[in-house]
Amino acid sequence: MENIIERWVAAARANADLDDLQEGVNISPYQELKIAFDGYAEDEDEFEDLNIESYAVYIHKEPASVGFVFPEHASTPWAIVQRPSDELCHFVWYDKENATYSGPALAESSENSEVSWAILEAVISELSARHSN
């Protein structure tokens, strides 16, 4: 399932203005998902590594209904207010130098969500079928 989410991030990057990525702004080409740039990795000296981009992928529990549009998040000056009872937040890293995607296991990300694993699997499968490239 991680590879499906990585394809979604690749599609978002392909449609985004990569010279003007803004943290927290939805760049998803799919109305049912939120994919937001989340900054850069830090090296061992805590400096930003501009070759490694982080993306937060928000998967809502109810996007299977026709016409569903991912609801806007409330935000503070320093963060997006997540909704663990309604969604999963999964991080994907893009290594520009090697053109590769990586991230934690989806099961690990789901530990921070109250949405059941069965619902997450069904939603990802449904959206994958709907948006296969």
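Residues numbered from 1 in each chain as written. Predicted model: local features only at pLDDT ≥ 70, side-chain atom pairs only at ≥ 80, totals over all residues. Heavy atoms only, no water.

A. Local environment of the overall build of the chain. Looking only at helices and strands, the chain has three helices and four strands in total. Helices and strands appear in the chain in the N-to-C order α-β-β-β-β-α-α. Taking 2.2 N^0.38 as the reference for a compact globule, 133 residues should give roughly 14 Å; the C-alpha atoms of the chain span a radius of gyration of 14 Å, in line with that estimate. With respect to the three principal axes, the spread of C-alpha positions in the chain is 45 × 35 × 25 Å. Sorting the 133 residues of the chain into buried and exposed places 40% on the buried side. Within the structure as shown, the chain displays about 7,500 Å² of accessible surface, and the carbon and sulfur contribution to it stands at 47%. Averaging the coordinates of the 7 positive side-chain charges in the chain and doing the same for the 27 negative ones gives two points 10 Å apart. (Helix = DSSP H or I, 4+ residues; strand = E, 2+ residues; numbered from the N terminus. Rg over C-alpha atoms; globule rule 2.2 N^0.38 Å. Buried < 20%, exposed > 50% of the residue type's maximum accessible area, 1.4 Å probe, protein only. Areas by Shrake-Rupley, 256 points an atom, 1.4 Å probe, with all protein chains shown as cover. Lys, Arg positive; Asp, Glu negative; His and termini not counted. Charge placed at Lys NZ, Arg CZ, Asp CG, Glu CD.)

B. Focus on the pattern of salt bridges. Throughout the structure, instances matching the rule amount to six salt bridges. Glu32 is paired through a salt bridge with Arg130; the nearest N and O atoms lie 2.8 Å apart. You can see Glu32 sitting in the loop between helix H1 (2-15) and strand E1 (33-42) and its partner Arg130 sitting in helix H3 (residues 117-130), a full 98 residues away along the chain. Taking the shortest distance from any N to any O, the salt bridge between Lys96 and Glu53 comes out at 3.9 Å. Of the two residues, Lys96 is situated in the loop between strand E3 (87-95) and strand E4 (100-102) and Glu53 in strand E2 (residues 48-60); the sequence distance between them amounts to 43 residues. For Lys96, a relative accessible area of 37% corresponds to the partly exposed category. Judged by its relative accessible area of 2%, Glu53 is buried. (Salt bridge = Lys/Arg side-chain N within 4 Å of Asp/Glu carboxyl O.)

C. Just the sheet that holds E2, in detail. One open sheet holds the four strands; their spatial order is E1-E2-E3-E4, and the pairing between them is antiparallel. With partners counted over all chains shown, the strands left at the sheet margins are E1 and E4, one partner each. Across the sheet, the axes of successive neighbouring strands diverge by a mean angle of 30 degrees, strand direction being ignored. Examined bridge by bridge, E2 and E3 share nine bridges and lie antiparallel to one another. (Pairing = 2+ DSSP bridges. Axes fitted to C-alpha atoms, helices over the stretch in contact; angles between N-to-C directions.)

D. Molecular detail of the nonpolar core. Counting residues in hydrophobic clusters, the biggest one holds 25 residues, and the most contacted among them are Ile5, Trp8, Ile35, Tyr55 and Ile59. Ignoring sequence-local partners within four residues, the contact set of Ile5 consists of Val57, Ile59, His90, Val92, Leu106 and Ile124. Counting residues in each nonpolar core, the second largest holds five residues, with Ala56, Tyr58, Phe70 and Cys89 among its members. (Core = buried A, V, L, I, M, F, W, Y, C linked by side-chain atoms within 4.5 Å. Contact = heavy atoms within 4.5 Å.)

E. Spotlight on the side chain of His131. Mapped onto the fold, His131 is located in the segment after H3. Once you skip the residues sitting within four places of it in the chain, His131 turns out to touch Tyr30 and Glu32.

F. View of unusual backbone geometry. In this structure, Glu46 is a non-glycine residue whose phi angle is positive, near 65 degrees. Take Glu46: its relative accessible area is 63%, and that puts it in the exposed class. A positive phi angle, close to 55 degrees, is found at Ala99, a residue other than glycine. Looking at the element boundaries, Ala99 is found in the loop between E3 and E4.

In short, the description is geometric, and any link to function would need to be established separately.
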